Amino acid sequence: EPEVTQTPSHQVTQMGQEVILRCVPISNHLYFYWYRQILGQKVEFLVSFYNNEISEKSEIFDDQFSVERPDGSNFTLKIRSTKLEDSAMYFCASRDPPDSFQYFGAGTRLSVL
Amino acid sequence: KNQVEQSPQSLIILEGKNCTLQCNYTVSPFSNLRWYKQDTGRGPVSLTIMTFSENTKSNGRYTATLDADTKQSSLHITASQLSDSASYICVVNTGGFKTIFGAGTRLFVKA
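How would you summarise the overall build of chain A if you had to cite specific residues and measurements?
When helices and strands are counted, chain A shows zero helices and 11 strands. When the helices and strands of chain A are read in sequence order from the N terminus, they spell out β-β-β-β-β-β-β-β-β-β-β. Expected size for 113 residues packed as a compact globule is a radius of gyration near 13 Å; at 13 Å, chain A falls within 12% of this value. By the burial criterion, 46% of the 113 residues in chain A qualify as buried. Within chain A, residue pairs in contact and separated by at least 24 positions form 53% of the contacts whose partners lie at least 6 positions apart. If you sum the accessible surface of chain A, you get close to 5700 Å²; carbon and sulfur atoms cover 46% of it. The averaged location of the 15 negative side-chain charges in chain A is 4 Å from the averaged location of its 10 positive side-chain charges.

Here it is in structure tokens:
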């Protein structure tokens, strides 16, 4: 069964450093998403991406965040200068209409020290 | 404000018993409602998806209901198993690209 894959599974970084979280969506999917889940809290929407541009973003997704689909298969989330409060699980998801299920990756745990 | 509220926050049941989880939402516009199962430290996995016109949807031992008039949904789990222990998350899609997640119900199934 096709799946969304995310790397790395765990990323440890120093505050102020840049991190790039990587995702390989399911190959025929056209809609891509990033979510985050702070430990013990609900999943929060960050951004959606379609047709090589951001289609919607939340208030969490400020200028420190950016997304890119550099090569037609990978979908990345970059945090330019990490803060302690960026520590969370980051989930990538993809979907293909008309099936509106979003398929989630296993997540990347980001720890900012 | 778009919100998805779930109850109870947590639930403990014995293996083999049934349970029902609740979801109330105030989301507009409404496109569809999904239930996900999330094991600790893993990504959510889709269980059911329902649009405005659907009242019930089953997936094995999971049955979801939707009342679009009262903006309520429920997830019924039949004959629970130990592997059902997880968080169950209600998610509402607004019809755009944004999804609103509930905080989840943490289900513990005991032997």
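Can you lay out the sheet that holds strand β1 (residues 3-7) of chain B for me, pointing to particular residues and giving the numbers?
Two modes of strand pairing occur in sheets, parallel and antiparallel, and in both the strands are linked by backbone hydrogen bonds. All names here are of chain B. Taken in spatial order, the five strands of this open sheet run β1-β3-β8-β7-β6, and their pairing is antiparallel. Each having just a single partner strand, β1 and β6 (56-59) make up the two edges of the open sheet. Adjacent strand axes in the sheet meet at a mean angle of 15° when their direction is disregarded. Pairing of strand β3 (residues 19-26) with strand β8 (residues 72-77), which is carried by six bridges, proceeds in the antiparallel orientation. Each residue of the ladder has a partner; that of T20, found in β8, is H76.

So what's going on with the pattern of salt bridges? Which residues, and what values?
Counting across every chain of the model gives three salt bridges over all chains. In this structure, A:E44 and A:R36 form a salt bridge, with 3.0 Å as the shortest nitrogen-oxygen distance.

Account for the sheet that holds strand β8 (residues 75-79) of chain A, with residues named and values stated.
Residue and element names in this part refer to chain A. The four strands are arranged β1-β3-β8-β7 in an open sheet whose pairing can be described as antiparallel. Since the sheet does not close on itself, it has two edges, and those belong to β1 (5-7) and β7 (65-68), each with one partner. For this sheet, the mean angle separating the axes of adjacent strands, direction not counted, is 20°. Taken together, the four bridges between β7 and β8 define a ladder with antiparallel strand orientation. Residue pairing for β8: F65 is matched across the bridge by I79.

I'd love a proper account of the confidence of the model for chain B, names of residues and values included.
Across chain B, the average pLDDT comes to 92, with 97% of residues at or above 70. Within chain B, the element-level pLDDT minimum falls on strand β10 (residues 99-101) of chain B, averaging 87, and the maximum on β8(B), averaging 98.

Requested: an account of the interface of chain B and chain A, with residues and values cited.
Taken together, the contact between chain B and chain A spans 21 residues of the former and 20 residues of the latter. Both faces considered, chain B and chain A share a buried interface measuring about 1700 Å² in area, 60% of it formed by carbon and sulfur atoms. In this assembly, chain B and chain A are joined by zero salt bridges. Along the contact surface separating chain B from chain A lie four residue pairs in polar contact (both at pLDDT 80 or more). At the level of secondary structure, the elements contributing two or more residues to the side of chain B that touches chain A comprise β4 (32-38), β5 (45-51) and β10 of chain B.

Quick notes on the rules
- Residue indices begin from 1 for each chain and proceed along its sequence in written order.
- Chains and ligands are labelled sequentially in the order written, the chains with letters from A and the ligands with numbers from 1.
- Where totals are concerned, whole chains, interfaces and linings use all residues; where local detail is concerned, this predicted model gives features only for residues with pLDDT of at least 70, and gives and counts side-chain atom pairs only at 80 or more.
- Derived side-chain values reflect all non-hydrogen atoms in the structure, with water molecules and hydrogen atoms excluded from consideration.
- Helix numbering and strand numbering both begin at the N terminus, where a helix is a DSSP run of H or I of at least 4 residues and a strand a DSSP run of E of at least 2.
- Between the two quantities, the radius of gyration covers C-alpha atoms and the globule rule is 2.2 Å times the number of residues to the power 0.38.
- Working definition: with a 1.4 Å probe on protein chains only, accessible area under 20% of the residue-type maximum means buried, over 50% means exposed, and in between means partly exposed.
- Whether two residues touch is decided by their heavy atoms; if any such pair falls within 4.5 Å, the residues are in contact.
- Note on areas: these come from Shrake-Rupley sampling with a 1.4 Å probe, and a residue is covered only by the protein chains present in the view.
- In this count, Lys and Arg are taken as positive residues and Asp and Glu as negative ones, while His and the chain termini are left out.
- One atom stands in for each charge, and that atom is NZ of Lys, CZ of Arg, CG of Asp or CD of Glu.
- Pairing between strands is defined by DSSP: at least two bridges between the two strands are required.
- Angular values range over 0 to 180 degrees, each being the angle between N-to-C directions of two axes fitted as lines to C-alpha atoms, with helices fitted over their stretch in contact.
- We count a salt bridge whenever a side-chain nitrogen from Lys or Arg sits within 4 Å of a carboxyl oxygen from Asp or Glu.
- What pLDDT conveys is the predictor's confidence in a given residue, as a value from 0 to 100.
- The term buried area means the drop in 1.4 Å probe accessible area that two parts suffer when joined, counted for both and summed.
- By the criterion applied in these results, polar contacts are pairs of N or O atoms within 3.5 Å in which, for protein atoms, one can donate a hydrogen and the other can accept it, and in which residues neighboring in sequence qualify only through two side-chain atoms.

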